[in-house]
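Take a look at the letters that make up each chain.
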Amino acid sequence: MSYDLFYWPGIQGRGEFVRLALEDAGATYRDVAREPHGMKEMQQLLAQHAPLRAVFAPPFLRDGDRLISQVAAILLHLGPRLGLAPVDEAQSLYAHQIQLTISDIVNEVHDTHHPISNALYYEDQKDAAKARSKAFRTERIPKYLKWFEAILAENPAGSRQLVGLTTSYVDLSLFQLVTGLGYAFPRTMKKALKTTPRVADLTAAIAERPRLSAYLASDRRVAFNEEGIFRHYPELDGA
Ligand SMILES: N[C@@H](CCC(=O)N[C@@H](CS)C(=O)NCC(=O)O)C(=O)O
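Okay, so let's go over this structure. Each chain has its residues counted from 1, following the order in which its sequence is written. In keeping with the predicted nature of the model, local features appear solely for residues at pLDDT of at least 70, side-chain atom pairs appear and are counted solely at 80 or more, and the whole-chain, interface and lining totals rest on all residues. Just so you know, side-chain values use all the structure's heavy atoms and leave hydrogens and water out.

Helix and strand assignments follow DSSP, with helices taken as H or I runs no shorter than four residues and strands as E runs no shorter than two, numbered in order from the N terminus. Helix and strand content of the protein: 9 helices and 4 strands. Along the protein, helices and strands appear, N-terminal first, in the series β-α-β-α-β-β-α-α-α-α-α-α-α. Taken over the C-alpha trace, the protein has a radius of gyration of 18 Å; the compact-globule value for 239 residues is 18 Å, and the two agree within 12%. Expressed along its principal axes, the backbone C-alpha trace of the protein runs to roughly 50 × 45 × 35 Å. Between buried and exposed lies partly exposed: a residue is buried under 20% and exposed over 50% of the maximum accessible area for its type, with that area taken using a 1.4 Å probe on protein chains only. By the burial criterion, 49% of the 239 residues in the protein qualify as buried. In the protein, the proportion of contacts linking residues at least 24 apart, taken out of those at least 6 apart, comes to 68%. Averaging the positions of the 28 positive and the 28 negative side-chain charges in the protein gives two centres separated by 3 Å. All radius of gyration figures rest on C-alpha atoms, and the globule criterion is 2.2 Å times the number of residues raised to 0.38. Every residue pair with non-hydrogen atoms within 4.5 Å of one another is taken to be in contact. When charges are counted, Lys and Arg are positive and Asp and Glu negative, with His and the chain ends excluded. Each charge is placed at NZ for Lys, CZ for Arg, CG for Asp and CD for Glu.

Dropping the structure here:
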């Protein structure tokens, strides 16, 4: 079984949440847009509107004749197939809810550097970005992190995973979220993680998973940069 992942080359972006699941499971997959002529293939798929195959934006996944977009939907599809999802139906839905919440905060992260429009440069919306980031740092990061911390604390099976007994795709996504926030807002996150030790421990443990640590050290893992979702602008971190 091989999957085709479609995502913009040169950034981790939202595609990375999918990539981490594929890599952790040791799945065979093509990262199509990183291949020669792959961008053309991606653009052609974006332009089609066939029933059950219309996608609005990358990332999207091709699995046989299925085309699936939206990170949370892609992971809902992939999770059980990769052995990275709870088997129980209620837990599976709960994992999906958590993943959708991660999509929500990812949108908020994006809006810290592009609060007005994607069509404008960061430099053209810097004042709004500073105001937006201040609220994000002081209100939203603590609220989200405390929510994840409480879920971990209250998991009856222990705080090594968000849902159920074993690691699932949401744990990998929480790792990516916390790592990305640590890149973008290092001052804020250094303080915040002191008050959410379970989130910090989970993030560290995920990075040690054998296939994932090999991936993170490989050149398949694009470095964080100022083109992606998680961007480091010191002025937005209250510096
Ligand atoms: N909610 C979607 C967001 C997808 C999205 O915004 N993709 C970005 C790249 S990370 C994009 O290419 N957007 C184009 C657009 O919105 O016009 C998801 O989680 O997959």
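Following the structure, the description resumes.
This part covers the pairing of strand E4 (residues 66–69). At least two bridges found by DSSP between two strands is the condition for calling them paired. The pairing of strand E3 (residues 60–63) with E4 spans 4 bridges and is antiparallel. Residue pairing for E4: Leu61 is matched across the bridge by Ile68.

Moving on: the pairing of strand E2 (residues 28–31). Of the two faces of E2, the one lined by Tyr29 and Asp31 is fully buried and the one lined by Thr28 and Arg30 carries no buried residue. Pairing of strand E1 (residues 2–6) with E2 involves 4 bridges; the strand directions are parallel. Following the sheet pairing, Ser2 is matched in E2 by Thr28. Note on handedness: a crossover is taken as right-handed if, strands pointing away from the viewer, the path from the first strand over the helix to the second is clockwise. Between E1 and its parallel partner E2, the chain crosses via helix H1 (residues 15–24), and the hand of that crossover is right-handed.

Bringing the packing of aromatic side chains into the picture now. Stacked, edge-to-face and tilted labels apply to pairs of Phe, Tyr and Trp rings (six-membered ring for Trp) whose centres lie within 6.5 Å, assigned for plane angles under 30 degrees, over 60, and everything in between, in that order. Tallying each qualifying case throughout the model produces 6 aromatic pairs. Between Tyr122 and Tyr233 the ring centres are 4.0 Å apart and the planes differ by 5°, which places this aromatic pair in the stacked class. Residue Tyr122 is located in the loop between helix H4 (89–113) and helix H5 (126–154), and its partner Tyr233 is located in the segment after helix H9 (210–217); the two are separated by 111 residues in the primary sequence. Take Tyr233: its relative accessible area is 13%, and that puts it in the buried class.

Next up on the list: the site of the ligand. In the vicinity of the ligand, the contacting residues are Tyr7, Trp8, Arg14, Phe56, Ala57, Pro58, Pro59, Gln70 and Val71. Polar contacts here mean pairs of N or O atoms no more than 3.5 Å apart (in protein, one a potential hydrogen donor and the other a potential acceptor; neighbouring residues in sequence count only if both atoms are side-chain atoms). Here an oxygen atom of the ligand and a side-chain polar atom of Trp8 are 2.8 Å apart. Taking Arg14, its side chain carries an N or O atom lying 3.2 Å from an oxygen atom of the ligand. Using the Shrake-Rupley algorithm and a 1.4 Å probe, accessible areas are obtained, with residue cover drawn only from the displayed protein chains. Its free accessible area being 510 Å², the ligand has 68% of it covered by the protein chains. Any residue that is not Ala, Val, Leu, Ile, Met, Phe, Trp, Tyr, Cys, Pro, Asp, Glu, Lys or Arg is counted as polar, Gly included; the first ten are nonpolar and the last four charged. In terms of residue class, the shell around the ligand is made up of 7 nonpolar, 1 polar and 1 charged. The cutoff for a nearby residue is simple: one of its non-hydrogen atoms must lie within 4 Å of the molecule or strand.

To continue, consider the nonpolar core. Think of a nonpolar core as a cluster: buried Ala, Val, Leu, Ile, Met, Phe, Trp, Tyr and Cys residues, connected wherever their side-chain atoms sit within 4.5 Å. The biggest cluster of nonpolar side chains holds 56 residues, and the ones touching the most others in it are Phe148, Leu162, Leu181 and Phe230. Among the elements that take part in this core, helix H6 (residues 169–184) stands out by supplying 9 residues, more than any other. Other than its neighbours up to four places away in sequence, Phe148 contacts Ile98, Ile102, Leu162, Leu174, Leu177 and Val199. Within the second largest apolar cluster, 9 residues are counted, among which are Phe6, Leu46, Phe60 and Leu67.

The next point concerns the pattern of salt bridges. Any Lys or Arg side-chain nitrogen found within 4 Å of a carboxyl oxygen on Asp or Glu counts as a salt bridge. Using the criterion set out here, one finds 16 salt bridges in the structure. The closest approach of N and O atoms between Glu108 and Arg140, which form a salt bridge, is 2.8 Å. Linking Glu108 in helix H4 with Arg140 in helix H5, this pair joins segments that are 32 residues apart in sequence. Judged by its relative accessible area of 14%, Glu108 falls in the buried class. Note on Arg140: relative accessible area 28%, which makes it partly exposed.

The subject of this paragraph is the packing of H6 against helix H7 (residues 186–194). In this analysis an axis means a line fitted to C-alpha atoms, helices contributing only their contacting stretch, and an angle means the value between N-to-C directions, from 0 to 180 degrees. Interhelical geometry of H6 versus H7 gives an angle of 130° and a closest axis separation of 6 Å. It follows from the interaxial angle that H6 and H7 lie oblique. Taken together, the residues of H7 that come into contact with H6 (itself represented by Val178, Leu181, Gly182, Tyr183 and Ala184) are Pro186, Met189 and Leu193. The class makeup of the residues in the contact of H6 with H7 is 7 nonpolar, 1 polar and no charged. Orientation categories follow fixed angle ranges, with anything under 35 degrees roughly parallel, anything over 145 roughly antiparallel, 65 to 115 roughly perpendicular, and all other angles oblique.

Let's shift gears to a positive patch on the surface. A residue counts toward a patch only above 30% relative accessible area and without a salt bridge, and it is joined to like-charged neighbours within 9 Å or, for Val, Leu, Ile, Met, Phe, Trp and Tyr, to nonpolar neighbours within 5 Å. There is a patch of like positive charges on the surface, built from Arg187, Lys190, Lys191 and Lys194. With respect to the helices and strands, the residue Lys191 is situated in helix H7.

Any functional reading would require information that these geometric values do not contain.
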